[in-house]
Amino acid sequence: MKVGIDSLSFFIPNIHLPIQTLAMERNIEPNKLIKGLGLQKMVLMDTNQDVITMAANAAYQLLQDNPNINPQDIAKIYVGSESSLDNSKPIASYVLGLLEQVYPVNSFLHCDAVDHTFACIGGVDAMQNAMDFVRANPSKKAIVITTDNAKYDLESTGEYTQGAGSIALLISSNPRMLSFNSPSGVATKSVFDFFKPYQTIKKESITGESKNEPWFNILENEISIHKEQPVFDGQYSNECYIERINQAYENFKEVNNLKQKDYYQNWEAILMHLPYCFQGRRTFQEIVLGENPSLIDQNSPDKNQLIKEFTKSAAYLNIVENKIAPSEIASSQVGNIYTGSIFLGLLSTLTYFQEINKPVQGTTLGFIAYGSGSKSKVFEAYVEKDWQLGLPKISISTALENSKAIDFPTYIALHKKELDSVIFPEKNRFVLDSIEKDNPNLLGARYYSFNA
């Protein structure tokens with residue numbers, strides 16, 4: 001029995017900051033970001049959007065694209081995210097509640113709802129767990145959603161990689177798009193390359209008083225804070241990325257008893273986690289050289305320079321152009337969306353194949369996922385004959401072409417959360433209405449509506 005992705009959809013906010021604008025304001029040579037990293041646009045959430053509305057909008061569009069699917073057919077809603085807004089209530093439960101604003105009450109009463117967190121690989125974990133459920137229950141279906149807001153400190157080295165968006169996958173038996181049948185390769189190691197820790201601040205620094213009087217219902221003299229922006233070491237994170245994907249790739253070959261050298265050549269396309277557009281092409285050479293160490297002098301004191309020269313060779317550029325570049329098209333116009341990055345690459349690749357009428361049914365796609373902290377998974381999927389029927393009714397290409405640019409002062413105000421009004425209102429979307437500030441039993445509760 002085949003199990004996999006039957007259909008997929010997306011929600012990408014419709015505003016962006018051009019990378020050219022950011023580069024000029026930050027006194028960065030634009031081509032360093034545009035040609036060096038492949039960046040074009042940086043998608044941002046509007047004031048009435050958050051990771052919950054993005055997830056609900058992606059799931060709603062998925063159901064709208066598949067009118068033959070009843071809500072009662074969905075047994076699981078699994079969310080992968082590292083941008084949760086609640087330490088207890090999962091995003092998946094919010095999504096379920098929002099969907100019931102447009103579907104009959106209790107339509108999802110018997111649907112399980114769970115979040116998965118492991119940095120950027122949480123969406124892959126959610127998908128694989130959903131597929132395991134469907135394998136055990138072939139008549140059931142599941143929706144997997146990735147949703148994240150990649151936000152970094154202003155003027156940090158991560159600022160130009162920001163992005164936001166959500167991808168939704170319909171998981172079923174006998175899928176129209178992709179089926180997953182072979183074991184995954186895995187590599188996991190506990191590191192601090194990128195994380196979002198709870199930090200503390202003395203209450204006195206806020207109240208200005210040394211006495212530990214109750215303030216904001218807090219009796220302790222320290223207050224725990226949690227920033228959206230991560231603590232990270234870019235260079236170390238890149239080293240961890242390279243190490244984990246190599247280890248997972250080798251494990252993938254081992255658990256599947258694959259003796260063939262350069263097995264990746266069997267993949268029609270390669271989907272990698274892209275924290276920035278060109279991350280895949282700038283790291284995949286490590287796998288190529290791992291399979292072919294004789295291509296460069298491993299003992300040379302100029303080994304790093306030899307690796308750089310190899311990445312400019314015709315042989316390597318051919319791999320990039322044919323197997324990796326299609327996944328970069330959407331990434332360049334969206335930015336990093338953490339858990340959704342690898343699936344945005346999948347959507348970008350399949351859309352490209354459709355647009356050029358490339359017959360890819362019967363081929364396999366390679367997935368190289370990564371999550372900081374850190375873990376990598378390598379696996380492959382078989383492209384089914386009706387793969388095009390599972391693509392979104394509105395093309396990702398069309399959606400990104402219609403994205404609206406904002407100016408730099410508006411971007412700064414958005415980042416600092418100084419704007420109250422919506423920049424570009426949209427219809428037929430879930431939006432954030434308000435956050436409870438008065439009722440002591442509901443402080444922080446988030447209220448949403450469907451903007452018909």
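Conventions and cut-offs
Residues numbered from 1 in each chain as written. Predicted model: local features only at pLDDT ≥ 70, side-chain atom pairs only at ≥ 80, totals over all residues. Heavy atoms only, no water. Helix = DSSP H or I, 4+ residues; strand = E, 2+ residues; numbered from the N terminus. Rg over C-alpha atoms; globule rule 2.2 N^0.38 Å. Buried < 20%, exposed > 50% of the residue type's maximum accessible area, 1.4 Å probe, protein only. Contact = heavy atoms within 4.5 Å. Areas by Shrake-Rupley, 256 points an atom, 1.4 Å probe, with all protein chains shown as cover. Lys, Arg positive; Asp, Glu negative; His and termini not counted. Charge placed at Lys NZ, Arg CZ, Asp CG, Glu CD. Phe/Tyr/Trp six-rings, centres within 6.5 Å; stacked < 30°, edge-to-face > 60°. Lys NZ or Arg CZ within 6 Å of the ring centre and 35° of its normal. Core = buried A, V, L, I, M, F, W, Y, C linked by side-chain atoms within 4.5 Å. Axes fitted to C-alpha atoms, helices over the stretch in contact; angles between N-to-C directions. Parallel < 35°, antiparallel > 145°, perpendicular 65-115°, else oblique. Left-handed = near helix turned anticlockwise from the far one by under 90°. Nonpolar A, V, L, I, M, F, W, Y, C, P; charged D, E, K, R; others polar. Salt bridge = Lys/Arg side-chain N within 4 Å of Asp/Glu carboxyl O. Polar contact = N/O pair within 3.5 Å; in protein donor to acceptor, adjacent residues only side chain to side chain.

Let us look at the overall build of the protein chain. Regarding its fold elements, the protein chain presents 13 helices and 19 strands. What you see for the protein chain is a C-alpha radius of gyration of 22 Å, in line with the 22 Å of a compact globule of 452 residues. When its C-alpha atoms are laid out on the principal axes, the protein chain stretches across 70 × 55 × 40 Å. Here the protein chain, with 452 residues, has 54% of them falling under the buried criterion. Long-range pairs, those at least 24 residues apart, make up 77% of the contacts in the protein chain between residues at least 6 apart in sequence. As displayed, the protein chain offers around 20,300 Å² of accessible surface, 48% of which is attributable to carbon and sulfur atoms. Of note, the protein chain has its 40 positive side-chain charges centred 3 Å away from the centre of its 51 negative side-chain charges.

Given two aromatic rings, one states the distance between the centres and the angle between the planes to describe the pair. Tallying each qualifying case throughout the model produces 23 aromatic pairs. Pairing Tyr-60 with Phe-430 gives two aromatic rings, centres 5.9 Å apart and planes at 85°, and the pair type is edge-to-face. Taken together, the residues span a long stretch of sequence, with Tyr-60 in helix α3 (residues 51–65) and Phe-430 in strand β18 (residues 429–435) at a distance of 370 residues. Per residue, the accessibility class of Tyr-60 equals that of Phe-430, and both read buried. Measuring from centroid to centroid gives 5.3 Å for Tyr-152 and Phe-232, while their planes differ by 85°, and the two rings are edge-to-face. A residue pair is termed long-range when its members are at least 10 positions apart, and Tyr-152 in the loop between β6 (141–150) and β7 (163–173) and Phe-232 in strand β13 (residues 231–232) qualify at 80 residues. Note on Tyr-152: relative accessible area 6%, which makes it buried. Judged by its relative accessible area of 28%, Phe-232 is partly exposed. Through a chain of ring-to-ring contacts, three or more aromatic side chains come together here, namely Tyr-60, Tyr-103, Phe-108, Phe-430 and Phe-450. One Lys or Arg, Lys-89, reaches over the ring of Tyr-94 and ends 4.6 Å from the middle of that ring. It is Arg-281 that lies over the ring of Phe-278; its NZ or CZ is 3.9 Å from the centre.

This brings us to the environment of Glu-418. Secondary-structure assignment places Glu-418 in the loop between α13 (408–415) and β18. In the structure, Glu-418 is positioned 353 residues away from Asp-65 in sequence and 36 Å away in space, judged by C-alpha atoms.

A word on the nonpolar core. By size, the foremost hydrophobic cluster in this structure holds 82 residues, and its most contacted members are Ile-77, Leu-99, Met-127, Ile-171, Leu-178, Leu-346 and Phe-367. Aside from chain neighbours lying at most four places away, what touches Ile-171 is Val-3, Gly-4, Ile-5, Met-127, Ala-130, Met-131, Val-134, Lys-141, Ala-142 and Val-144. Among the nonpolar cores identified, the runner-up in size contains 29 residues, and Tyr-241, Ile-245, Phe-252 and Tyr-370 belong to it.

Right, let's talk about the packing of helix α10 (residues 314–334) against helix α11 (residues 341–355) for a bit. Across the interface, α10 lies against α11 with an axial gap of 6 Å and an inter-helix angle of 120°. The angle between α10 and α11 falls in the class oblique. As for the relative orientation of α10 and α11, their crossing is right-handed in sense. On α11, the residues touching Pro-326, Ser-327, Glu-328, Ile-329, Ala-330, Ser-331 and Val-334 of α10 are Leu-344, Gly-345, Ser-348, Thr-349 and Tyr-352. A per-class count over the contact of α10 with α11 returns six nonpolar, five polar and one charged.

Looking now at the side chain of Asn-48. Residue placement: Asn-48 occurs in the loop between β3 (41–44) and α3. Look past the residues within four positions of Asn-48 in its chain and what remains in contact with it is Thr-53, Val-422, Val-431 and Leu-432.

On to the pattern of salt bridges. Under the criterion given, the structure shown has 19 salt bridges. Note that Arg-26 is salt-bridged to Glu-159, the shortest N-O span being 2.9 Å. Highlighted residues: Arg-26 in the loop between α1 (19–25) and α2 (30–34) and Glu-159 in the loop between β6 and β7, separated in sequence by 133 residues. With a shortest N-O distance of 3.1 Å, Asp-132 and Arg-135 are connected by a salt bridge. Residue Asp-132 and its partner Arg-135 are both found in helix α5 (residues 122–136); the two are separated by three residues, about one turn of the helix. Arg-135 sits in the partly exposed class, given a relative accessible area of 34%. One continuous salt-bridge network, built from bridges that share partners, spans Asp-125, Lys-375 and Lys-377.

As a further point, take the side chain of Lys-377. With respect to the helices, strands and loops of the structure, Lys-377 is situated in strand β16 (residues 375–383). Reaching out from Lys-377, the side chain makes a polar contact with the side chain of Gln-128 at a distance of 2.8 Å. With residues near it in sequence (within four places) discarded, Lys-377 still touches Ile-121, Val-124, Asp-125, Gln-128, Gly-185, Val-186, Ala-248, Phe-367, Ile-368 and Ala-369.

Our focus in this paragraph is the environment of Gln-388. Take Gln-388: it is sitting in the loop between β16 and α12 (396–401). With relative accessibility at 38%, the residue Gln-388 sits in the partly exposed group. The spacing of Gln-388 and Leu-350 is 38 residues in sequence and 8.0 Å in space, taken between C-alpha atoms. Polar side-chain contacts of Gln-388 include one of 3.3 Å to the side chain of Gln-354.

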